[in-house]
Each structure stands twice: as structure tokens, then as C-alpha cells.
Amino acid sequence: MSEGTMHQHRSAPRLSRILACAAVPVMLVAAGCSSDSGGDKDASPSASASPSVSAKPTVKPAAFSKLPEPCKSIKQKTVDSLVPGAKDKSGTADKSNDVSARGGCSWNGLDSKGVDGSQYRWLSVSYMRYDSDQTRGAGDKLAEEYYAKQVEAAKATDGAKKVKDEPTAGTGDQATTVTYDLRKTDADFKYATVVTRTENVVATVIYNGAGYQGAKSPKGADLLKDAQKAAKEAVASVTAANK
């Protein structure tokens, strides 16, 4: 056999293998046809394995799943002290289509002092609770955003004068007190608003008062102290409701 004939015989299998590999899918070529020497080889595990799908990070569950009954969240003796002469000592509940997520209650009264005039007081507590959500985030973070908005809303009260805000220690995870003066119904009102956050719940306590018929307006420091007391009770009620 001549050298040329031998070369043709050796080239024929190689040419057949190349043509065969050109006709099969690319993935198979990668597995067994990438070389014309050494015979068929098994595909490596990394080449044949399906790409891994990374799992979405889970958000931590919300700490509180319930809200207290708003009209019972502040002790009766505290209501009696802060709102003397209250029209309804049991309070007036806010309307809510989901009491597990939001709710509120208010009390108001005019305490007559005879020839010394009358003192008007108004107290309210409101709650907002957030569940953790895979899309929106953890409940406590959502509550933190709402907490900040409530503080800014209190500071931006229309007609408010001498507005001051300060952090309030010892009440929930976060607390801010906003105080201001407001003229309305021909009287000078003093306001104290305490916005608090405990885990995934925001509680807002508003306390205000004014003097009528010649009575002096209440002292701002007294109103502030009383509002902060009510706020502590409102926060404690959240923990108690979830035990």
C-alpha cells in the first residue's frame, strides 16, 4: 500500500467523525465531539448540571399580631385625671375596617371652675400595625417609616406656633414628643403629641387643652408630662395584648 493510500485511510475516519459531530446539537458536541482523539468521554458534572436558582431572602416575622382595644389601652384613672368632666369616660372609638391593623379612641370634656372659668381637655390614642411582607419588607421597618411620617405631620400642623420636638426615652423602641401652641375657637390651646414605635406598631397620643371664660391656658410642661404618661400606657397595652 502506498503512502498516499495509507494517509487517505487514516483521514477517512477523522473526516467522518467531524461531519457527524457537525450534525448534532451544540451541547452534545461539547460533551463528546470537542476532540477527534481519545474516544468518547462523559460530560463533566459542571457541564450537565442545571443552573442553580437562588432563593429569595425571607423577611423576619412581625413581633406583634394584635392591637389592644384602643378605648381600654389607657387606664381609667389616667383618663379621669387627664380629662376631668369627660363626656364619655369609656371613650369614643374610631371607625376601623380592620381592628387588628388600625384603631383609635378619644375623650374630651369641659371641667367648670365656677367664677374661675372652665378647663377643656382632649385626649386621643391611635394605633397602626404592620405585618411583614415579602415584597414590602419587615413589619418593624414599615412601622419605622410611618413613625417618621407621623412626627413630621405633627410638626407641620396648620397654624401651629412655637413648635418643638424632642426624643423621648423609655417609651417603646422609638418615641418623639412634639409640642406647640394653637389658637382656635377663640382660645389658646396647648398641644403635646407623643409618637411612639414598639416593634411593628406605632402608637400616637395627642393631648391638648385650653382655658375658657377667663380661665388661663394649661401649662405646657404639665400637658407634656401627662401626654408622655398616657403614651407609656398605650405602648404597654400593645405588649399585654400579644401575650
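Reading guide: rules and limits
- Residues numbered from 1 in each chain as written.
- Predicted model: local features only at pLDDT ≥ 70, side-chain atom pairs only at ≥ 80, totals over all residues.
- Heavy atoms only, no water.
- Helix = DSSP H or I, 4+ residues; strand = E, 2+ residues; numbered from the N terminus.
- Buried < 20%, exposed > 50% of the residue type's maximum accessible area, 1.4 Å probe, protein only.
- Contact = heavy atoms within 4.5 Å.
- Areas by Shrake-Rupley, 256 points an atom, 1.4 Å probe, with all protein chains shown as cover.
- Pairing = 2+ DSSP bridges.
- Axes fitted to C-alpha atoms, helices over the stretch in contact; angles between N-to-C directions.
- Polar contact = N/O pair within 3.5 Å; in protein donor to acceptor, adjacent residues only side chain to side chain.

1. Quick look at the overall build of the protein chain
Then, in step 1: Along the protein chain, the regular secondary structure elements total 6 helices and 7 strands.
Then, in step 2: Sorting the 243 residues of the protein chain into buried and exposed places 36% on the buried side.
Then, in step 3: Summarising the internal contacts of the protein chain: among those between residues at least 6 apart in sequence, 55% fall at separations of at least 24.
Then, in step 4: When the accessible area of the protein chain is evaluated, it comes to approximately 15,000 Å², of which 53% is carbon and sulfur surface.

2. Here we look at the sheet that holds strand E4 (residues 161–167)
Then, in step 1: With antiparallel pairing, 7 strands are arranged side by side in an open sheet as E1-E2-E3-E7-E6-E5-E4. Whereas interior strands pair on both sides, the edge strands pair on one side only; in this sheet they are strand E1 (92–93) and E4.
Then, in step 2: Looking at chain direction, strand E5 (residues 174–184) and strand E6 (residues 187–198) are connected through 11 bridges and run antiparallel. In the strand pairing of E6, leucine 182 is matched with phenylalanine 189.
Then, in step 3: The strands touched by helix H6 (residues 220–241) within the sheet are strand E3 (118–129), E4, E5, E6 and strand E7 (201–212), with E6 carrying the most contacts at an inclination of about 30°.

3. As for the side chain of asparagine 200
Then, in step 1: Looking at where asparagine 200 falls in the secondary structure, it is placed in the loop between E6 and E7.
Then, in step 2: Looking at asparagine 200, its side chain comes within polar contact range of the main-chain oxygen of tyrosine 130, at 2.8 Å.
Then, in step 3: When sequence neighbours within four positions are dropped, the list of residues in contact with asparagine 200 reads Ala62, Ala63, Phe64, Met128, Arg129, Tyr130, Gly139, Asp140 and Ala143.

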